[in-house]
Amino acid sequence: MSNSQQQLVDSLRGAFGDKLTSVSLKFNEVTVELSPDKLIDVTTELRDSDEFAFEQLIDLCGVDYSQFGQVEWQTNDASRAGFSRGVDPATSMGRLQFGDELESVTAEGRRFAAVYHLLSYRKNWRLRLRVYAADDDFPVVPTVTNVWNVADWYEREAFDLFGIHFSGHPDLRRILTDYGFVGHPFRKDFPLIGHVEMRYDPEKGRVIYEPVSIEPRVLVPKVKRDDHRYLSEQQDETQGDA
């Protein structure tokens, strides 16, 4: 923690008070949490006030916290066990198929959040804002395109991938997926295998969509650990250097 970061925390608490749900300094980063109805007032003040001067929005993304803290694999098992290290299918996004559902581990109104990363060139400060959408079934957050124009495509991406709606956005439509795409692929309850697959049918002379034929499986990363087979070699090298 630096004096500059602590100064930012103190300034935020003094300037906004109850408008902010929380202000924290963890992992060498200042994070502010606030409700959607306070977002425009707070961000406008952060941009225009000489005390903060956050002229630049450098990133905006959506987050789905419904399975926050849950893992797809057992990391204590041997890496050679491969896909068998995947956790129970009922709690694993990697084994979802069309129609499966996961029970959220978060409280109502704490599943979807929009996260904003701000930069102040004048103060050399960075700030992260987090705004939770109140309704998990239809998450809505106000657009900040009138505060920072660059938010336009960022918000379209968050809408496309997470289904977060930004009220007041001038042109909220998909930006990465196809116009006919069903669902939002970065949601935790979206199967990794997808819902449908497409191919060109030479007989029909067009692209057709079919039920996905891929078998769902958990993607298990390779885990590197200290191996007893190499301990003697490492000890010999250490003794040789000595």
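Everything discussed here concerns the structure shown above.
Parameters at a glance
Residues numbered from 1 in each chain as written. Predicted model: local features only at pLDDT ≥ 70, side-chain atom pairs only at ≥ 80, totals over all residues. Heavy atoms only, no water. Helix = DSSP H or I, 4+ residues; strand = E, 2+ residues; numbered from the N terminus. Buried < 20%, exposed > 50% of the residue type's maximum accessible area, 1.4 Å probe, protein only. Contact = heavy atoms within 4.5 Å. Salt bridge = Lys/Arg side-chain N within 4 Å of Asp/Glu carboxyl O. Pairing = 2+ DSSP bridges. Patch = residues over 30% accessible without salt bridge, like charges linked within 9 Å, V, L, I, M, F, W, Y side chains within 5 Å. Areas by Shrake-Rupley, 256 points an atom, 1.4 Å probe, with all protein chains shown as cover. Arc of directions from axis to C-beta. Axes fitted to C-alpha atoms, helices over the stretch in contact; angles between N-to-C directions.

K.L.:
So what's going on with the overall build of the protein? Residues and values would help.
P.N.:
Within the protein, the secondary structure is distributed over 4 helices and 9 strands. Sequence-ordered secondary structure for the protein, helices as α and strands as β, is α-β-β-α-β-β-β-β-α-β-β-β-α. Scored against the burial criterion, the 242 residues of the protein give a buried share of 36%. For the protein, the share of sequence-separated contacts (at least 6 apart) that also reach a separation of at least 24 residues comes to 59%.

K.L.:
Residues and numbers for the pattern of salt bridges, please.
P.N.:
Per the counting criterion, the structure on display carries 12 salt bridges. Of the charged contacts in the structure, one is a salt bridge between R174 and D160, with a shortest N-O distance of 2.6 Å. In this pair, R174 sits in the loop between β7 (165–167) and β8 (196–201) while D160 sits in helix α3 (residues 151–162), placing the two residues 14 residues apart along the sequence. The two residues R174 and D160 agree in class, both being buried.

K.L.:
Residues and numbers for the pairing of strand β2 (residues 29–34), please.
P.N.:
Of all 6 residues in β2, 5 are buried; the element is thus mostly enclosed. Following strand β1 (residues 22–26), the chain reverses through 2 residues before pairing antiparallel with β2; F27 in that reversal takes a positive phi of roughly 55°. Inspection of the sheet shows β2 paired to strand β5 (residues 125–132) by 4 bridges, in the parallel sense. Each bridged residue has a counterpart across the sheet, and for L34 the counterpart in β5 is V131.

K.L.:
With reference to specific residues and values, describe a nonpolar patch on the surface.
P.N.:
A cluster of nonpolar side chains, namely V196, M198, Y200, V207 and Y209, defines an oily patch on the protein surface of about 540 Å² accessible area. Of all elements in the fold, only β8 and β9 (206–211) reach the threshold of two or more residues within the nonpolar patch. Looking at the nonpolar patch, the element that brings in the most residues is β8, giving 3 residues. Tracing the sequence through the fold places V207 in strand β9.

K.L.:
Any details on helix α2 (residues 39–48)? Residues and values, ideally.
P.N.:
Among the residues of α2, L39, V42, T43 and L46 are the ones counted as buried. Relative to the axis of α2, the buried residues are bounded by an arc of 95° and lie together on one face. If you follow the buried residues of α2, they end up packed against α1 (3–16), β2, β4 (112–120), β5 and β6 (140–142).

K.L.:
Give me the sheet that holds strand β3 (residues 56–64): which residues, what numbers.
P.N.:
Taken together, the 5 strands give an open sheet; going across it, the order is β1-β2-β5-β4-β3, and neighbouring strands pair in mixed fashion. A single partner strand is all that each edge strand has here, and the edge strands are β1 and β3. When strand polarity is set aside, the average angle formed by the axes of neighbouring strands in this sheet is 20°. This element, α2, spans β2, β4 and β5 of the sheet and lies at about 175° to β5.

Worth remembering: the numbers are spatial, not functional.
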